[in-house]
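# Geometric and topological summary
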Amino acid sequence: MDPLLKWPGGKRHLLPKLINFVPKSYRRYVEPFFGSGAFFFGIKPSRALISDTNEELMGCYQTIREYPKEVANRLLKMKNTAEEYYKTRSSRPKGAIHKAARLIYLTRLSFNGIYRVNKKGAFNVPYGYRTWLPSPAANQIRSISNALQNCEMQTCDFAESLSTCRKNDFVYIDPPYTVAHGQNGFLKYNANLFAWEDQVRLAEAARILQKKGCKVLMSNASHESIRSLYSTFEIIEVTRSSTIAASSAYRGYVQELIITNIRPRQTSEAEP
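Worth saying up front: this structure is predicted, and the values here are computed from it rather than measured. (Residues numbered from 1 in each chain as written. Predicted model: local features only at pLDDT ≥ 70, side-chain atom pairs only at ≥ 80, totals over all residues. Heavy atoms only, no water.)

### Some remarks on the confidence of the model for the protein
- A residue-level look at the protein finds 87% of positions with pLDDT of 70 or above and a mean pLDDT of 89.
- In this model, residues 268-272 is a region of pLDDT below 50 whose contacts with residues beyond four sequence positions or in other chains number 14 contacts. (pLDDT = per-residue confidence, 0-100. Contact = heavy atoms within 4.5 Å.)

### Observations regarding the packing of aromatic side chains
- Counted under the stated rule, the structure contains 21 aromatic pairs.
- Taking the centre distance of 6.0 Å and the plane angle of 70° together, the rings of Phe-34 and Phe-41 count as edge-to-face. The same class applies to Phe-34 and to Phe-41, which are both buried.
- Seen in terms of ring centroids, Tyr-85 and Tyr-105 are 6.3 Å apart; in terms of plane orientation they differ by 35°. Their pairing is tilted. Here Tyr-85 is found in helix α5 (residues 82-90), whereas its partner Tyr-105 is found in helix α6 (residues 96-109), with 20 residues between them in sequence. Pair check on accessibility: Tyr-85 and Tyr-105 agree, each one buried.
- A connected cluster of aromatic rings, assembled from ring pairs, spans Tyr-26, Tyr-29, Phe-34, Phe-39, Phe-40, Phe-41, Tyr-61, Phe-170 and Tyr-172. (Phe/Tyr/Trp six-rings, centres within 6.5 Å; stacked < 30°, edge-to-face > 60°. Buried < 20%, exposed > 50% of the residue type's maximum accessible area, 1.4 Å probe, protein only. Helix = DSSP H or I, 4+ residues; strand = E, 2+ residues; numbered from the N terminus.)

### Description of the pairing of strand β5 (residues 215-221)
- Here β5 lies mainly inside the structure; 6 of its 7 residues are buried.
- Sheet analysis places strand β4 (residues 170-173) next to β5, joined by 4 bridges and oriented parallel. Within the sheet, the bridge partner assigned to Phe-170 lies in β5 and is Lys-215. (Pairing = 2+ DSSP bridges.)

### Focus on the pattern of salt bridges
- By the definition in use, this model includes 10 salt bridges.
- Note that Arg-201 is salt-bridged to Asp-157, the shortest N-O span being 3.1 Å. Separated by 44 residues along the polypeptide, Arg-201 in helix α10 (residues 196-212) and Asp-157 in the loop between β3 (151-155) and α8 (158-162) bring together distant segments of the chain.
- Assessed through its relative accessible area of 30%, Asp-157 is described here as partly exposed. (Salt bridge = Lys/Arg side-chain N within 4 Å of Asp/Glu carboxyl O.)

### A word on the side chain of Glu-31
- Within the secondary structure, Glu-31 sits in strand β1 (residues 29-31).
- Despite its burial, Glu-31 pairs with no opposite charge, the nearest such side chain being Lys-11 at 8.7 Å.
- In this structure Glu-31 touches Phe-40, Leu-49, Ile-50, Ser-51 and Tyr-172, once residues within four positions along its chain are discounted. (Lys, Arg positive; Asp, Glu negative; His and termini not counted.)

### Some thoughts on the side chain of Ser-110
- Following the sequence through the fold, Ser-110 ends up in the loop between α6 and α7 (138-147).
- With relative accessibility at 0%, the residue Ser-110 sits in the buried group.
- There is a polar contact of 2.8 Å between the side chain of Ser-110 and the backbone oxygen of Ile-114.
- What Ser-110 contacts, discounting residues up to four positions off in sequence, is Tyr-85, Phe-123, Val-125, Pro-126, Tyr-127, Gly-128 and Arg-130. (Polar contact = N/O pair within 3.5 Å; in protein donor to acceptor, adjacent residues only side chain to side chain.)

Have a look at this one:
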């Protein structure tokens, strides 16, 4: 199942490799940096806890779960034009259905599918002129809603949701990071996404999960500073092409890390 939203750091590109690490059985699925939910919708767990610090994002998923028909109907009324886009971007709807439709609409039609807000928290990405894109189909929204039915949702820091994990939980961790740092400047490029102090906190949380007997899978930046935090985990570097970004700094081939304590189902496919 494809995710409904395009979100910064979405993992569609890593999904074929990540799938190899899904355990044959587990108690509950937990994902504390949900974003587009590409991995979640790819494996469709029967029981899950999903969370993110973005209140608007989690509110959108909660509304889709409860009111898929109403969200789909609202989206059908929103035209794919520059005028409608900027009108919607400047709007501040109060109702949950209008809020959810607004977020889906903006992330679908923004330039390069980017989600970005300014310091005041206002969405500020220009119109992408992708006039050929139709509104999301009602059956897609209904499928997303169905997949979310047995999910607990939280808006919180990752530490709060991870603290609830128990033995045999399957935890997928995908913190914000950039692949544009090259060999230097990791802290500089990532500071505004996810501070180094947060990376250290996350590594400590991952070690606690490991001690509890949780099955941990993480994607993160390929950098020595990250590798040093996860010496007790298996670390696999994967390479992919990146050609669609607006900035040349993001183009070409990039490396990312898969960090885990799970034995892959098919080792040959899990390797780069």
